[in-house]
Amino acid sequence: MFKWSNWLHLRIPFSFYLMPVFFFALALTPNHNPERLILVFLALHLFLYPSSNGYNSYFDKDEKSIGGLRTPPKVSLGLYYLSLLFFAIAIGLGWLINWQFASKLLVYGLVSMAYSHPIVRLKKYAYGSWIIAGFFQGCFTFCMAYAGLSDFGWDVMFKSHVFIPGLLTSLMLWGSYPLTQVYQHEEDAKRGDNTLSLKLGVRGTFSFSAIWFLVAGLGFAWYFSSKGQMDAFYAFLLAMLPVVLYFSLWFTFVRKDEKRFANYSWAMWMNRISGLALNAFFIWYFLENTQILQVF
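Everything numeric in this text was worked out from a predicted model, so none of it was measured.

**Quick word on the overall build of the protein chain**
Okay, so step 1: When helices and strands are tallied, the protein chain shows 14 helices and zero strands.
Okay, so step 2: Seen in sequence order, the protein chain has helices and strands lined up from the N terminus as α-α-α-α-α-α-α-α-α-α-α-α-α-α.
Okay, so step 3: For 296 residues, the compact-globule estimate of 2.2 N^0.38 gives 19 Å, and the protein chain sits close to it at 19 Å.
Okay, so step 4: Taken over the C-alpha atoms alone, the protein chain extends approximately 50 × 45 × 30 Å along its principal axes.
Okay, so step 5: When the 296 residues of the protein chain are sorted by exposure, 55% land in the buried category.
Okay, so step 6: Sequence separation of 24 or more characterises 77% of the internal contacts of the protein chain that already satisfy a separation of 6 or more.
Okay, so step 7: Carbon and sulfur atoms provide 67% of the accessible area of the protein chain, an area that totals close to 13,500 Å².

Written as structure tokens, this is what we have:
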């Protein structure tokens, strides 16, 4: 369990790319509390996401690059138990807030397990896995974080002022999700996983993602403008500028040579740029919407 290779497969730093969902929820949550903030952050980013990464790595047994690991080491049974330990700790931390938040963590974890477990293996269903992964990493996680941060129950997830911004995060993830698969076609095909990117092809993946990025951008533009937050609207456009420029440049190179440019390095730089831009924007948005001295 404690082999270094097992810890590598948890890919804890990779949680950084999902932090914008947390910071967006934090910016909109009405009842800030330092203890709950720390518990929710740790439960999600230090334990739940790494648990999911390790669990899926154990069943995927990838031999080539995966998100956050250029050369993944061989998996062992210890990784399986380590991922379950992290899952249990995440639920335990959630229980310190309330049982509803803990149960949300449980649901998320079970769905993520179904992604790669051979009995279900959602990953082999192109559109099904795309919808489910984007919804749970986006909308469900946003609602879960919002509820945990304010000590709310399940009912808050069905309120429009929570569900709508949560859905916007899913729109963004539905655009980026296929790009994370664009360099894994050979290995996915070998395992029989008919991923969405494999189904669409390399160029089709980029065109598909571009459409969903546009939809997400329009959605956020509508959201901020409808709330009269034009500063946030312009700040969001500014934050997205480097992401759009990089994506456009990458797509241009891919059209010229798919094999050379649809690779791990380019995909990870897309993650880094979008992660930095979105985290910076939503932290700024949180600061704009919150009196920090009241939080701490």
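**A short note on the pattern of salt bridges**
Two side chains bearing opposite charge may form a pair once their charged atoms approach each other closely.
Okay, so step 1: Summed over all chains, the structure comprises four salt bridges.
Okay, so step 2: A salt bridge links Asp188 to Lys123; its shortest N-O distance comes to 3.8 Å. Of the two residues, Asp188 sits in helix H8 (residues 185–191) while Lys123 sits in the loop between helix H5 (99–116) and helix H6 (126–150), which places them 65 residues apart along the sequence.
Okay, so step 3: What makes Asp188 buried here is its relative accessible area of 0%.
Okay, so step 4: Two residues, Glu258 and Arg203, come together in a salt bridge whose shortest N-O distance is 3.2 Å.

**A closer look at a nonpolar patch on the surface**
Okay, so step 1: Taken together, the side chains of Trp4, Trp7 and Leu8 make up a nonpolar region of the molecular surface, amounting to roughly 330 Å² of accessible area.
Okay, so step 2: With respect to the element layout, Trp7 can be found in helix H1 (residues 4–10).

**Section: the confidence of the model for the protein chain**
Okay, so step 1: Looking at the protein chain, the pLDDT average stands at 92 and 97% of residues meet or exceed 70.
Okay, so step 2: Per-element averaging of pLDDT across the protein chain places helix H14 (residues 292–295) at the bottom with 44 and helix H2 (residues 19–28) at the top with 97.
Okay, so step 3: Counting contacts from residues 292–296, a segment whose pLDDT is below 50, to residues more than four positions away or on other chains yields seven contacts.

**Describing the nonpolar core**
Okay, so step 1: In this structure, Phe22, Leu44, Phe142, Phe206, Phe224, Trp250 and Tyr285 are the most contacted members of the largest nonpolar core, which totals 94 residues.
Okay, so step 2: Looking at this core, the element that brings in the most residues is H6, giving 13 residues.
Okay, so step 3: Dropping the residues within four chain positions of it, Tyr285 is found in contact with Phe24, Ala27, Leu28, Tyr223, Phe224, Lys227, Gln229 and Ala232.

**Observations regarding the packing of aromatic side chains**
Okay, so step 1: This structure, assessed with the given rule, holds 52 aromatic pairs.
Okay, so step 2: Consider the rings of Phe47 and Phe86, whose centres lie 5.1 Å apart with planes at 50°: the pair is tilted. Here Phe86 lies in helix H4 (residues 77–95) and Phe47 lies in helix H3 (residues 34–60), a separation of 39 residues in the sequence. The burial state of Phe47 is the same as that of Phe86; both residues are buried.
Okay, so step 3: An aromatic cluster of at least three residues, connected via ring pairs, comprises Phe24, Phe142, Tyr146, Phe152, Phe220, Tyr223, Phe224, Phe236, Phe281, Phe282, Trp284 and Tyr285.
Okay, so step 4: In this structure, Lys61 is placed above the aromatic ring of Tyr58, and the distance from its NZ or CZ to the ring centre is 4.2 Å.
Okay, so step 5: Between the NZ or CZ atom of Arg255 and the centre of the ring of Phe251, over which it lies, the distance is 4.5 Å.

About the criteria used
Residues numbered from 1 in each chain as written. Predicted model: local features only at pLDDT ≥ 70, side-chain atom pairs only at ≥ 80, totals over all residues. Heavy atoms only, no water. Helix = DSSP H or I, 4+ residues; strand = E, 2+ residues; numbered from the N terminus. Rg over C-alpha atoms; globule rule 2.2 N^0.38 Å. Buried < 20%, exposed > 50% of the residue type's maximum accessible area, 1.4 Å probe, protein only. Contact = heavy atoms within 4.5 Å. Areas by Shrake-Rupley, 256 points an atom, 1.4 Å probe, with all protein chains shown as cover. Salt bridge = Lys/Arg side-chain N within 4 Å of Asp/Glu carboxyl O. Patch = residues over 30% accessible without salt bridge, like charges linked within 9 Å, V, L, I, M, F, W, Y side chains within 5 Å. pLDDT = per-residue confidence, 0-100. Core = buried A, V, L, I, M, F, W, Y, C linked by side-chain atoms within 4.5 Å. Phe/Tyr/Trp six-rings, centres within 6.5 Å; stacked < 30°, edge-to-face > 60°. Lys NZ or Arg CZ within 6 Å of the ring centre and 35° of its normal.

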